Amino acid sequence: LLYTFHIFAARAAAELDRLRMDRMLRESEERYRDLFEEAPAAYVAVDAAGCLRRVNRAAVDLLGRTAADLAGTCLVDRAAATPAGRPRMEAVLAEYLAGRPVDGREVEFVRPDGTAVWLALWGRPFPGPDGRPVGGRVVGADVTARVLVEG
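Residues numbered from 1 in each chain as written. Predicted model: local features only at pLDDT ≥ 70, side-chain atom pairs only at ≥ 80, totals over all residues. Heavy atoms only, no water.

(A) Local environment of the state of the cysteines. Within the structure shown, the criterion is met by one disulfide. Linked covalently through their sulfurs, cysteine 51 and cysteine 74 form a disulfide whose S-S length is 1.7 Å. You can see cysteine 51 sitting in the loop between β1 (42-47) and β2 (52-55) and its partner cysteine 74 sitting in the loop between α3 (67-70) and α4 (75-78), a full 23 residues away along the chain. Judged by its relative accessible area of 10%, cysteine 51 is buried. (Disulfide = S-S within 2.5 Å. Helix = DSSP H or I, 4+ residues; strand = E, 2+ residues; numbered from the N terminus. Buried < 20%, exposed > 50% of the residue type's maximum accessible area, 1.4 Å probe, protein only.)

Dropping the structure here:
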């Protein structure tokens, strides 16, 4: 009987630990989601090819599209069809695919209404077992006003 009680107590303690860890994980995920969504800079999660998996509210606002419109599209396809747009984004993507971080590269994007928006991009690829990126994060800061003044 005592042995049965010890087994029951050990299982109960393990279940309480599991429930506590589940709660802590949910709280951590909620804090991360809040930070991601409310960040003042454009923050996107990309896949191994540089296509958008998730975007935050600032990215939606800067690019002038909904999160659903952006999901699954590639950053290269969102770049402006100008020398400072698509070719620069292709160069940034090549660095990313080579597993190198991207620091402050300025790229021209275009909103659906045709308005240009310039973003300075910082990206960090997440390497897989073979060293090639399996995904990553890209942060974009709006530098449109400065570029237009200097332009």
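Let's pick the thread back up.
(B) Here's a closer look at a nonpolar patch on the surface. The grouping of Leu2, Phe5 and Phe8 at the surface amounts to a nonpolar patch, some 380 Å² of accessible area in total. Mapping phenylalanine 5 onto the fold places it in helix α1 (residues 2-38). On the accessibility criterion, phenylalanine 5 (53% relative accessible area) is exposed. (Patch = residues over 30% accessible without salt bridge, like charges linked within 9 Å, V, L, I, M, F, W, Y side chains within 5 Å. Areas by Shrake-Rupley, 256 points an atom, 1.4 Å probe, with all protein chains shown as cover. Salt bridge = Lys/Arg side-chain N within 4 Å of Asp/Glu carboxyl O.)

(C) Structural detail: the environment of glutamate 15. When you line up the elements, glutamate 15 lands in helix α1. Residue classification places glutamate 15 among the partly exposed residues on the basis of a relative accessible area of 35%. The sequence separation of glutamate 15 and arginine 137 amounts to 122 residues, and the corresponding C-alpha distance is 35 Å.

(D) Quick peek at the pairing of β1. Sheet analysis places β1 next to strand β5 (residues 133-142), joined by six bridges and oriented antiparallel. The partner of aspartate 47 across the bridge, within β5, is glycine 135. Relative to β2, β1 is paired through three bridges, and the arrangement is antiparallel. Across the sheet, residue valine 46 finds its bridge partner in β2, namely leucine 52. In textbook terms, the turn of a hairpin is the stretch between consecutive antiparallel strands, and for β1 and β2 this stretch comprises four residues, one of which, glycine 50, has a positive phi near 85 degrees. (Pairing = 2+ DSSP bridges.)

(E) Examining the pattern of salt bridges more closely. Counted according to the given criterion, the structure contains ten salt bridges. Across the pair aspartate 77 and arginine 86 runs a salt bridge whose closest N-O atoms are separated by 3.7 Å. Put simply, glutamate 150 and arginine 146 hold a salt bridge, and the shortest N to O gap is 2.8 Å. Here arginine 146 and glutamate 150 lie together in helix α6 (residues 144-150), a separation of four residues that amounts to about one turn. Note on glutamate 150: relative accessible area 56%, which makes it exposed. Counted as one network, the salt bridges with shared partners bring together Glu15, Arg18 and Asp22.

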